[in-house]
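Take a look at the letters that make up each chain.
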2 protein chains.
Amino acid sequence: MSLVVVGSIAFDSIRTPYGEQQEILGGAATFFSVTASWFTPVSVVAVVGEDFGDAQFKVFRDRGIDTTGVEQVSGRTFRWKGEYRGDMNQAHTLDTQLNVFEKFVPKVPAAYLSSEFLFLANIDPLLQLNVRRSFSGLKASGLDTMNYWIQGMPEELKKVLATVDVLLINDGEARMLSGQSHLKKAAECIRQFGPRVVVIKRGEHGATLFGDSIFTVPAFPLDDVFDPTGAGDTFAGGFMGHLARTGDLSDANLRRCAVYGSVMGSFAVEEFGVGRLARLTPAEIESRYRAIKQLTHFDA
Amino acid sequence: MSLVVVGSIAFDSIRTPYGEQQEILGGAATFFSVTASWFTPVSVVAVVGEDFGDAQFKVFRDRGIDTTGVEQVSGRTFRWKGEYRGDMNQAHTLDTQLNVFEKFVPKVPAAYLSSEFLFLANIDPLLQLNVRRSFSGLKASGLDTMNYWIQGMPEELKKVLATVDVLLINDGEARMLSGQSHLKKAAECIRQFGPRVVVIKRGEHGATLFGDSIFTVPAFPLDDVFDPTGAGDTFAGGFMGHLARTGDLSDANLRRCAVYGSVMGSFAVEEFGVGRLARLTPAEIESRYRAIKQLTHFDA
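Keep in mind the model is a prediction, meaning the values are calculated, not measured.

Enquirer: I'd like to hear about the overall build of chain A, residue by residue, with values.
Expert: The helix and strand tally for chain A stands at 11 helices and 13 strands. In summary, chain A has a C-alpha radius of gyration of 18 Å against a globular reference of 19 Å for 300 residues, a match within 12%. Summarising its shape, the C-alpha atoms of chain A cover approximately 60 × 40 × 35 Å along the three principal directions. Out of the 300 residues belonging to chain A, those deemed buried represent 57%.

This is the structure:
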């Protein structure tokens, strides 16, 4: 079944202990859609500037992603510059230029509105709410957010939380949103706001899903983490991608969604940008899924 | 098969967000032996002072633990005072009085020397090495250590590492011992020093075993963590206890050892001291083992 994502497209400049890249294609909607495209048809709603060219659109096109909803306006595309030092779980932002993203008002093409699955990546919760309300036949919707909105627009955020099925959020954000330092209590508190499933991403420690049951999945132990940028959006892309592919909201399948999230996140960090994600094969994805099974299996 | 532990017995004074306790029975050998006693016969080598009375010995006796090797000398028992604030993974030491523990020289009773399993809890690596050398028929030995010895006696520590099968260590110590920030590389480095199995404990994030394969086990998600003191020693007690009970060093069984470590660690933190561990039932242990299976299970 088809999946729509609304979020940012950006040019990222990134320095990690492994090297440096200037103005490479990034943004939550990019990582999410390239990832989810391995599972299900994906359509994107985003905004880019005049500097966004065919080379960038080709990345989406090559993965069969519908970019009808990617509006191109005058001005420059959103730019983010960041650095990772010793702790690869922590990005240090060096520069943010919102550019055309500052006045972004998502325009959802009519053809998208019959989609059964929607992911609202991290943007202003009022915009998320408007987009959410324009869809009437969803089987499930997912949401991401960040500290900036949790602190600055908590009431608006709670309104959109009341309308979604799955919240995918990192541990620090979950603690801030709930006011609870203990993650199980944080998840229980957030579920009261609306989402019946809360997935707390814990970077190198994996992720925990709180729904009808609790499920933990580890991060795949790689030899090297080259660039963590986009790993959370990639996790969401794997999670929502498998959910939309199967249309199965059962507890057993939500667990598989979390494993696919971890699988895809592990590929994301193997290289800068979306390069690794763009040239995956289904066999590689299934092989790493089995590797995570092997990593966690023990006899009862 | 029988299991010997060498380590500290202490009186702990602890403050956590949940309350405060003065001079309760603690120490690595205490947490380890009370835990392992649920799996296999356990004997302790330790030192206590004149202030250590029948009420304390009774805790060991009630669990069938052999305390022939607990030497009682003139002076006061080792005392530790600590506090946990927001982050329950981090103990803040307020006071340490080594007392009789300062001059501790382990004296292993002759009857202990035929044991097949040995655990060297965190003490001076030269003492660990002497104890290790006095056993000649071991099926497997385990070791713990801490930052103090890693920084202060690295060469002596490497000598004892070369003689043991399993190192159980926390993530910060693994990074310090190896000089590698990435845990997989840290474990690979430490395995070069000798132990064929390295278990890295990650507090609320669970533990990862590096041996013939890599295995991760989560921490059991409790509603409340009352007191994390002794959780690492308890993990080791569950791990070594199940290993000694089965005598099975296969990869599949080492995974079960790690799960029992996590199971027992989760009980340890439910109350101050060893109270919860002392009044467990085998059924409770097996029930939580199955709960961790449920927490991590997904269909392949």
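Enquirer: An account of the interface of chain B and chain A is needed here, citing residue identities and associated values.
Expert: Between chain B and chain A, the contact holds 31 residues from the first and 31 residues from the second. Across the chain B/chain A interface, buried area totals approximately 3,000 Å², and carbon plus sulfur atoms make up 48% of it. Contact with chain A buries area across many residues of chain B, yet His205, Lys293 and Phe298 of chain B alone supply 22% of it, more than any other trio. Counting across the chain B and chain A interface gives eight salt bridges. With a shortest N-O distance of 3.7 Å, arginine 175 of chain B and glutamate 204 of chain A are connected by a salt bridge. For the interface between chain B and chain A, the tally reads 22 residue pairs in polar contact (both at pLDDT 80 or more). Examining the composition of the side of chain B that touches chain A, we find that six residues originate from one element, helix 11 (residues 282-296) of chain B, more than from any other. For the side of chain B that touches chain A, the per-class residue count stands at 13 nonpolar, six polar and 12 charged.

Enquirer: An account of the sheet that holds strand 3 (residues 19-26) of chain B is requested, with residue identities and associated values reported.
Expert: Residues and elements named next belong to chain B. If you trace the four strands from one edge of the open sheet to the other, you get 3-2-6-7, paired in mixed fashion. Two strands bound the open sheet, and with one partner strand each, they are strand 3 and strand 7 (91-97). Between one strand axis and the next, the sheet turns by 15° as a mean value, whatever way the strands run. Pairing geometry for strand 6 (residues 78-84) and strand 7, over six bridges, is antiparallel. From the neighbouring strand, arginine 79 faces strand 7, where its bridge partner is glutamine 97.

Enquirer: Please set out the environment of alanine 252 of chain B residue by residue, giving values where relevant.
Expert: Residues and elements named next belong to chain B. As for its placement among the helices and strands, alanine 252 is situated in helix 9 (residues 251-268). Given a relative accessible area of 33%, alanine 252 falls into the partly exposed group. When the C-alpha atoms of alanine 252 and serine 213 are compared, they prove to be 9.5 Å apart, with 39 residues separating the residues in sequence.

Enquirer: So what's going on with the packing of aromatic side chains? Which residues, and what values?
Expert: Residues and elements named next belong to chain B. Under the counting rule described, the total for this entry stands at 22 aromatic pairs over all chains. A centroid spacing of 5.9 Å and a plane angle of 45° characterise the contact between phenylalanine 11 and phenylalanine 52, whose relative ring orientation is tilted. Here phenylalanine 52 lies in the loop between strand 4 (42-48) and helix 2 (54-62) and phenylalanine 11 lies in strand 2 (residues 10-16), a separation of 41 residues in the sequence. Seen from their ring centres, phenylalanine 52 and phenylalanine 57 are 5.0 Å apart, and the 85° between their planes marks the pair as edge-to-face. Taking the relative accessible area as the measure of exposure, phenylalanine 52 reaches 3% and is therefore buried. Taking relative accessible area as the criterion, phenylalanine 57 reaches 18% and is therefore assigned buried.

Enquirer: Give a detailed account of the environment of threonine 96 of chain A, specifying residues and quantitative values.
Expert: Residues and elements named next belong to chain A. If you trace the backbone, threonine 96 turns up in strand 7 (residues 91-97). Among the residues examined, threonine 96 registers a relative accessible area of 41% and is labelled partly exposed. Along the backbone, threonine 96 and tryptophan 80 are 16 residues apart, and their C-alpha atoms lie at a distance of 4.7 Å. For threonine 96, the residues in contact, after removing those within four places along its chain, are Phe78, Arg79 and Trp80.

Enquirer: Tell me about the side chain of threonine 30 of chain B, residues and numbers included.
Expert: All names here are of chain B. Here threonine 30 lies in helix 1 (residues 28-36). Classification of threonine 30 by relative accessible area gives buried; the value is 0%. Those residues in contact with threonine 30 that sit more than four places away from it in its chain are Ser8, Ile9, Leu25, Phe60 and Val274.

Enquirer: How would you sum up the pairing of strand 9 (residues 140-143) of chain B? Please name residues and give values.
Expert: All names here are of chain B. Neither face of strand 9 is open: one carries Ala140 and Gly142, the other Ser141 and Leu143, and all of them are buried. With four bridges joining them, strand 8 (residues 117-120) and strand 9 adopt parallel strand pairing. Directly across from leucine 118, in strand 9, lies its bridge partner serine 141. Between strand 8 and its parallel partner strand 9, the chain crosses via helix 3 (residues 125-134), and the hand of that crossover is right-handed. Note: strand 9 against strand 10 (residues 166-170), two bridges, orientation parallel. Bridge pairing links glycine 142 to valine 166 in strand 10.

Enquirer: Could you give an account of the packing of helix 8 (residues 231-246) of chain A against helix 9 (residues 251-268) of chain A, naming the residues involved and the relevant values?
Expert: All names here are of chain A. Axis separation between helix 8 and helix 9 bottoms out at 7 Å; the angle between their running directions is 140°. Classed by the angle they form, the pair helix 8 and helix 9 counts as oblique. Relative to helix 9, the crossing made by helix 8 is right-handed. Residues Ala231, Thr234, Phe235, Gly238, Phe239, His242, Leu243, Arg245 and Thr246 of helix 8 pack against Asn253, Leu254, Arg256, Cys257, Ala258, Tyr260, Gly261, Ser262, Met264, Gly265 and Ala268 of helix 9. Among the residues making up the contact of helix 8 with helix 9, the classes are represented as 10 nonpolar, eight polar and two charged.

The rules we used
- Residues numbered from 1 in each chain as written.
- Chains lettered and ligands numbered in written order.
- Predicted model: local features only at pLDDT ≥ 70, side-chain atom pairs only at ≥ 80, totals over all residues.
- Heavy atoms only, no water.
- Helix = DSSP H or I, 4+ residues; strand = E, 2+ residues; numbered from the N terminus.
- Rg over C-alpha atoms; globule rule 2.2 N^0.38 Å.
- Buried < 20%, exposed > 50% of the residue type's maximum accessible area, 1.4 Å probe, protein only.
- Contact = heavy atoms within 4.5 Å.
- Buried area = accessible area lost by both parts, 1.4 Å probe.
- Salt bridge = Lys/Arg side-chain N within 4 Å of Asp/Glu carboxyl O.
- Polar contact = N/O pair within 3.5 Å; in protein donor to acceptor, adjacent residues only side chain to side chain.
- Nonpolar A, V, L, I, M, F, W, Y, C, P; charged D, E, K, R; others polar.
- Pairing = 2+ DSSP bridges.
- Axes fitted to C-alpha atoms, helices over the stretch in contact; angles between N-to-C directions.
- Phe/Tyr/Trp six-rings, centres within 6.5 Å; stacked < 30°, edge-to-face > 60°.
- Right-handed = clockwise from strand over helix to strand, strands pointing away.
- Parallel < 35°, antiparallel > 145°, perpendicular 65-115°, else oblique.
- Left-handed = near helix turned anticlockwise from the far one by under 90°.

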